[in-house]
Amino acid sequence: MKSKGIWFLLTGILIGGILVLLIVLFNGTWNHNNNMDQDHMMGNDSATGQMDDHMMGDNGMGGNNGPMGHGAMQELQATDEPTQPLPIPTALQPNRVTGDTVYYTVEATKGTSQFFKDGKKSETFGYNGDLLGPMIELPKGKTVVIDTINRLDEPTTFHWHGLVIPADMDGGPHQTVAPGEQAQVRLDIDQEPSTLWFHPHPMGLTAEQVYKGLAGLLYVTDDAQNGLPNEYGVDDIPLIVQDRLFTPNGELDYDAHMNVDGTTGDTILANGAINTTFDVQTETLRVRLVNGSNARDFDFTLSNEAEMTQIATDGGPLERPIPLETLTLTPGERAEVLIDFSQVEDVAALKADGVTFTTFRVGELDKASIKIPVTETMERSTDETADRRLTLFGMGNMVSINGKTYDPERIDIEAKRGDTEVWEIENKPDMMGGMTHPFHIHGVQFRVISRDGNPPSDQEKGWKDTVAVAPDERVKIEITFTKTGTFMYHCHILEHEENGMMGQVNVTE
């Protein structure tokens, strides 16, 4: 009896040890630690000490627990940093304009940025500057030629997220620009006025380059569009919202904080700055929100619990304006909202997940006549038969689409230009429940036609290029391919994309 009891005890210990090992492996921790260089492993640089702090929950300026579990998030924390004016990205001026063609130059550069009043400066990346990038206007009906220059010490690409353009102009992983090199792109602008953005897309470097600051704005504009606030930086402002985790001395350190299941932080940045303020001058303010985070979903609300009015999504205007108290955006998604300050006496703040990041200060306000455009209602059938079915699955280093990881030499889907297809995107839950995947397709704008067989919400009745798919959910989208070439589709959690949750569709004539 005694030996039998010992045998049961040993068996239980063995099974428990195997389960613990499986959980660690599925979280990607084993692979991540084995991929760290020898200095990190031997503790010969600062990253090891920061990683130890991270594991013990003593990281960042706020010092909260690290993201150790599947889909785990750093808890966002309010900051005690002094307020500072909201930086408004510079509107990039053309090099020249000839007839129907506009010429720009965009350089990916290294710089330094100080995020905290008493913190150290960090190495950061930016477009035409130290951090983030300018706003580039893309007039509808024009041709835009951009000279892209890589001033970094590593390869990068220039991906025009949301633009409907041929694949060889798209800036995916196939179009790398080597250090010191330059390339020219020619973009024929023929889509709805919208808020798009641009960022790098080199395989294996995307997540870190975005984390360090490579992201900029693209505004598709139309002279025929009027009635909305459109004075840039006055009554029409962008907010690139990102979360970051900092070392105790206030520096960015992606290597120390990287999580293979999605890198998150405890501090919110608006246009690259902490605890920002904006002086409102008009009763109605148009705010263009961009979720530029690596992995975090944001729930946006106003501190006075007032409603915002959503007027546009990723690719252009909604069918009608939608009043809402909470706006949710996953990584890569954008939305435009109107905020009414006519009844605000002093201040109102914009919050993400309940944490204030930009405070609007209200004084004497100018009145303006606002006319919100509406688009034609598109009838949709929610029971359309799917032409393609894609299953997103996994976590950490073990992510896949239809059981496969990205192979640059493999074409996963063949399509014809001009064809309209219905894709059903399924998020298959895993052993730990799963997490929401933002699904993005390059070179197109699509329509959401159903979620688990039900019509999409009014907030999604507009053009989209990125759609959130929750665990155990099936989302159908309708796509028409108008450009040719090989395009990426992938999860826009940047670490998932880099771990292979990405495929390729080849569009031919």
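Overview of the structure. As the structure is a prediction and not an experimental result, all values here were calculated from the model.

Points about the pattern of salt bridges
Here comes step 1: Applying the stated criterion across every chain yields a total of 28 salt bridges.
Here comes step 2: Here Arg151 makes a salt bridge to Glu107, at a shortest N to O gap of 3.4 Å. Placement of the pair is Arg151 in the loop between strand S6 (143-150) and strand S7 (159-161) and Glu107 in strand S3 (residues 101-113), with a sequence separation of 44 residues.
Here comes step 3: Looking at Arg151, the relative accessible area reads 45%, which means it is partly exposed.

Brief notes about the packing of aromatic side chains
The description of an aromatic ring pair rests on the distance of the ring centres and on the angle between the ring planes.
Here comes step 1: Under the definition given, this model contains 14 aromatic pairs.
Here comes step 2: Ring centres of Trp423 and Tyr489 lie 5.6 Å apart, and the angle between their planes is 80°; this geometry places the pair in the edge-to-face category. One end of the pair, Trp423, is in strand S25 (residues 420-427); the other, Tyr489, is in strand S30 (residues 485-491), and 66 residues separate them in sequence.
Here comes step 3: With a relative accessible area of 0%, Trp423 lands in the buried category.
Here comes step 4: Look at Tyr489 and you get buried, because its relative accessible area is 3%.
Here comes step 5: Summarising the aromatic geometry, the rings of Phe439 and Tyr489 are spaced 6.1 Å apart at their centres and angled 45° between planes, so their arrangement reads as tilted. One end of the pair, Phe439, is in strand S26 (residues 437-441); the other, Tyr489, is in strand S30, and 50 residues separate them in sequence.

Topic: the pairing of strand S21 (residues 355-366)
Here comes step 1: Here six bridges tie strand S13 (residues 276-282) to S21, and the two strands are oriented parallel to one another. Its bridge partner lying in S21, Phe278 is registered against Phe360.
Here comes step 2: Pairing of strand S20 (residues 347-352) with S21, which is carried by six bridges, proceeds in the antiparallel orientation. Its bridge partner lying in S21, Lys351 is registered against Thr356.
Here comes step 3: Linkage of S20 to S21, two consecutive antiparallel strands, is achieved through a turn of two residues, within which Asp353 is found at a positive phi near 50°.

About the criteria used
Residues numbered from 1 in each chain as written. Predicted model: local features only at pLDDT ≥ 70, side-chain atom pairs only at ≥ 80, totals over all residues. Heavy atoms only, no water. Salt bridge = Lys/Arg side-chain N within 4 Å of Asp/Glu carboxyl O. Helix = DSSP H or I, 4+ residues; strand = E, 2+ residues; numbered from the N terminus. Buried < 20%, exposed > 50% of the residue type's maximum accessible area, 1.4 Å probe, protein only. Phe/Tyr/Trp six-rings, centres within 6.5 Å; stacked < 30°, edge-to-face > 60°. Pairing = 2+ DSSP bridges.

As far as function goes, none of this settles anything; it's purely spatial.
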